[in-house]
Amino acid sequence: MIKQLLHNSKEVLIYEVTQTIDVKEENEWIEQLNEYIEQNQKVRILLILGADATWSLRAGIEDIKWLFTHLKYIEKMAIVSESSWWKWYIKVDIFAKIFGTEEKYFSVTQTDKALDWLSD
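Residues numbered from 1 in each chain as written. Predicted model: local features only at pLDDT ≥ 70, side-chain atom pairs only at ≥ 80, totals over all residues. Heavy atoms only, no water.

(A) Representation of the side chain of Glu 26 in the model. For Glu 26, the position within the fold is in helix α1 (residues 23–40). Lys 65 provides the closest opposite charge to the buried, unpaired Glu 26, separated from it by 10 Å. Contacts of Glu 26, omitting those with residues within four sequence positions, involve Ile 21, Trp 55, Ala 59, Glu 62 and Asp 63. (Helix = DSSP H or I, 4+ residues; strand = E, 2+ residues; numbered from the N terminus. Buried < 20%, exposed > 50% of the residue type's maximum accessible area, 1.4 Å probe, protein only. Lys, Arg positive; Asp, Glu negative; His and termini not counted. Salt bridge = Lys/Arg side-chain N within 4 Å of Asp/Glu carboxyl O. Contact = heavy atoms within 4.5 Å.)

(B) Expanded view of the sheet that holds strand β4 (residues 43–49). In space, the five strands of this open sheet follow the order β1-β2-β4-β6-β7, with mixed pairing throughout. With partners counted over all chains shown, the strands left at the sheet margins are β1 (2–5) and β7 (102–106), one partner each. On average, each strand axis in the sheet is inclined to that of its neighbour by 20°, with strand direction left out of account. (Pairing = 2+ DSSP bridges. Axes fitted to C-alpha atoms, helices over the stretch in contact; angles between N-to-C directions.)

(C) Representation of the environment of Ile 74. Turning to its location among the elements, Ile 74 is positioned in strand β6 (residues 74–80). Judged by relative accessible area, which is 1%, Ile 74 ranks as buried. Measuring from C-alpha to C-alpha, the distance between Ile 74 and Phe 99 comes to 8.8 Å, with 25 residues separating the pair along the chain. Not counting residues within four places of it along the chain, the set of residues in contact with Ile 74 comprises Val 43, Ile 45, Trp 66, Leu 67 and Thr 101.

In structure tokens, the structure reads:
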């Protein structure tokens, strides 16, 4: 499940992923992001990943396809999770570096720091 959380800043979109994302939900999320990008050109995303956050194979493929064509519009992305896998993924993500997207990992206890970093 992807849930958009409210925040007082228009420049930061916050999403919480708590379960397995299916392709229908992924496509709805992509549509929402596309609309935001069309209006604002750039986006900053805070992605909070719960312990059970995963993507179905089809949803994961759609996510990757979208990222390859839209990563240039993502100015900053903060990943908040307790999984060290995400921490290492961000360190080796060469595609974000190629497109100029800043990515940073934060633990769940650092969510406020993630928001501050995105707002800078």
